[in-house]
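Each chain, letter by letter, is given below.
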Amino acid sequence: MPNINGKFGRDKVYNRGSESKHKQSTQQYQAARDRAMNSFKLLKLIVLFLVTLVIMKFFSSSNKGRVKINSKIMDMDTNIFWWNNYTPEPENLDAPKEPPKAEKNLEKKIIKKEPEPNPEEPHNLDSPVEPKEAKKKPVIENVKKEPEPNIEEEIEIIEVPVKPSTGPLRLVHLDLKGAAPKVSYLKQIFPLFSSLGAHGILIEYEDMFPYEGELEILKSPFAYSVEDIEEIKTLANLNKLELIPLMQVFGHLEFVLKHEKYAHLREVPKYPNSLNALAPDSLPLLKNMLKQILKRHPEARFFHIGADEVYELGESEDSKRWLEKNNGDVGALYLSHVSNVCHLVTEMRPGMKMIFWDDMIRKISVPTLQTSDVPKLAFPMIWNYNPQIDMQSLAKLLEKYRDAGFLGVWFASSFKGTSGVDQRWTPLKHHLDNHLSWLKVMDSMDQYPSLTFQGIAITGWQRYEHFTRLCELLPVAIPSLAVCLQTLKYGSFNEEAVKAVHHILGCNIKLDPNICEGSGSFVGAEIYHKVRKIHTELQSSIDSMMTDHFLRGSLSNYLRKYNFANPRNLRQFKTKLRKLQDDWESMLETFRKEMEAIFYPDTVEEWMEDNVNEQMTKLRSMVQDTERIYDLDGRKKSLNT
């Protein structure tokens, strides 16, 4: 075996002094080594702690701000509470999904809708209308349509926001199917609506909505953009005005059915008013329209589906076949379509309450109403624009709607657009009396405890329908709107209401001469005053000139045709006639610029054509002929100038 002592074993010769010294040196070395080891362990612990902290921070930050979808990392707004728990559907995971924008107090879900069942399978529309559950998905019975491709459809489901009840709402109705204001004007007018006591806006887009895709054909050349809609929503929110969209789904679909692409969906081929609800393409069309509007209004609690004045309902061949198998009940046919539309909306917006004009159900029997689920899905909006409302007739309607099972009602008054199809100047007392009548109705609502009074829409119609001329412009009707809102606020047009209108508008309401007296500080006051001047003076100033003895004697149609007049007689009125034209030309030039600041070119052209051009053409022609014939120095008759 080897010598385990080795070299060191042979050299070990110690004395006591050297042994003590060596022992002391060894102890010092051991202590130094222990200190180094302790420092290394401490450093190792610190490094390990820092690495752990970094890893925890990385994963925490990643989970809050980013989410992995389809193998892609996407930045997320950490405030979108509903997106943090998002998990992609198992189907079609290769298709990238963008996170939707955050909406306050809204909960969204993206679901995959299973393919629609084969439309050619028979449906049970042949039997009388049966009661439905409020959430039951509607069907269109006995309707044949071409099979659709077996493609899954992505539907955005948005829970309706819940707001605490604040009592009945006062809505200002904006009818955009004519003279739609630019957003820059709405930016000024929304604060005025709010200050006058409005709680919301019932916005009827018609062809001003920015429809996309195959629906793009429906929009006006001057339709609002998507950005405009977002700004309108922001303006409404800033002024504490609740927005309620209105889209016609049955009658008054002229802006859709006028297009050749959709003409086959008319109830009567000759007329573009009403939709054939039983045509195979009708509900898909409405669903697409509703989807696009709802997408832009995730904040909405209510949706107005119109459904008034469905003229010629029951006259299409589809309707006749349906009526033959359903006891000829046109009311049931109407309710069937309204129910289907309501279900289309609630499918995309669970919990949303619909509103519809009530005129079509006034003659439908209570039993027929009770067999439909419409009373559980929608509120009727009872409209009456007369200065004096028949209280007994209206009380019968309220009793009927209560017995039918409706949970609430809305009312609709008017501040413009209901006193004449070509009305140019708003009659203040007409609309004031209408609201005084509605106040009496509101006072009677305690008699109907099961009917909740939801609110009143103060309508401002711009046309009677898509194909008729413009009624009063919005700036012209602002004093009327102020009177109506303040009357509802104070319970009458009392001294307080009069003072409030004067304070807000900067002018004094005079019911007898039908004006708001004073310069006015409200937006659009310049147009208000100039329209009044046109309304009261343009035609009358020309008529006054025609009373001149020399003009009537020297400027007949025959004499003008043959350039035959005595310049001595013409000089008696020539200067006066020229001045009248110059004054009007100057005023109208300013007026046109003010109109263009608020309205789009098509509105300016239409209003000028219908209210100014005829009179001005006549005046210009008179001046032109007078000056031309005057320069001929009394020559013989001639067709040549």
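Predicted model only: the values in this text are computed from it and were never measured. (Residues numbered from 1 in each chain as written. Predicted model: local features only at pLDDT ≥ 70, side-chain atom pairs only at ≥ 80, totals over all residues. Heavy atoms only, no water.)

This part takes up the state of the cysteines. Scanning the entire structure with this criterion turns up 1 disulfide. Residue pairing for C507: its cysteine sulfur links by disulfide to C516, the two sulfurs lying 1.9 Å apart. Because the torsion about its S-S bond is 85 degrees, the bridge between C507 and C516 counts as right-handed. By the burial criterion, C507 is buried, and C516 matches it. (Disulfide = S-S within 2.5 Å. Buried < 20%, exposed > 50% of the residue type's maximum accessible area, 1.4 Å probe, protein only.)

Before going further, it helps to spend a moment on helix α8 (residues 330-348). Taking 1.5 Å per residue as the helical rise, α8 with its 19 residues ought to reach 27 Å, and the 28 Å between its terminal C-alpha atoms agrees with that figure. Judged by how many residues are buried, α8 sits mostly within the fold: 17 of 19 residues are covered. Its side-chain oxygen 3.1 Å from the backbone nitrogen of G331, D329 forms the N-cap of α8. (Helix = DSSP H or I, 4+ residues; strand = E, 2+ residues; numbered from the N terminus. Expected span 1.5 Å × (residues − 1). Polar contact = N/O pair within 3.5 Å; in protein donor to acceptor, adjacent residues only side chain to side chain.)

Before going further, it helps to examine the pairing of strand β14 (residues 452-460). Within β14, 8 of the 9 residues are buried, which leaves it mostly tucked inside the rest of the structure. In this sheet, β14 lies alongside strand β5 (residues 169-175) in parallel orientation, the contact comprising 4 bridges. Counterpart to R170 in the pairing with β14 is I456. Note that strand β13 (residues 408-416) and β14 share 8 bridges and pair parallel. Note on β14: the bridge partner recorded for A412 is A457. Assessed by its sense of winding, the connection that carries the chain from β13 through helix α12 (residues 428-443) to β14 is right-handed. (Pairing = 2+ DSSP bridges. Right-handed = clockwise from strand over helix to strand, strands pointing away.)

Turning our attention to the nonpolar core. With 154 residues, the main nonpolar core has F190, F193, Y334 and F411 as its most contacted residues. Among the nonpolar cores identified, the runner-up in size contains 15 residues, and L246, F302, W410 and A457 belong to it. (Core = buried A, V, L, I, M, F, W, Y, C linked by side-chain atoms within 4.5 Å.)

Another point: the packing of helix α20 (residues 601-611) against helix α21 (residues 613-630). When two helices pack together, their arrangement is given by the angle between the helix axes and by the axis-to-axis distance. Running from N to C, α20 and α21 point in directions that differ by 60 degrees, and their axes come no closer than 4 Å. Relative to α21, α20 is oriented oblique. For the pair formed by α20 and α21, the contact residues are M608, E609 and N611 on the first element and N613, E614 and Q615 on the second. Tallied by class, residues from the contact of α20 with α21 come to 1 nonpolar, 3 polar and 2 charged. (Axes fitted to C-alpha atoms, helices over the stretch in contact; angles between N-to-C directions. Parallel < 35°, antiparallel > 145°, perpendicular 65-115°, else oblique. Contact = heavy atoms within 4.5 Å. Nonpolar A, V, L, I, M, F, W, Y, C, P; charged D, E, K, R; others polar.)

That's the geometry; what it means functionally is another story.
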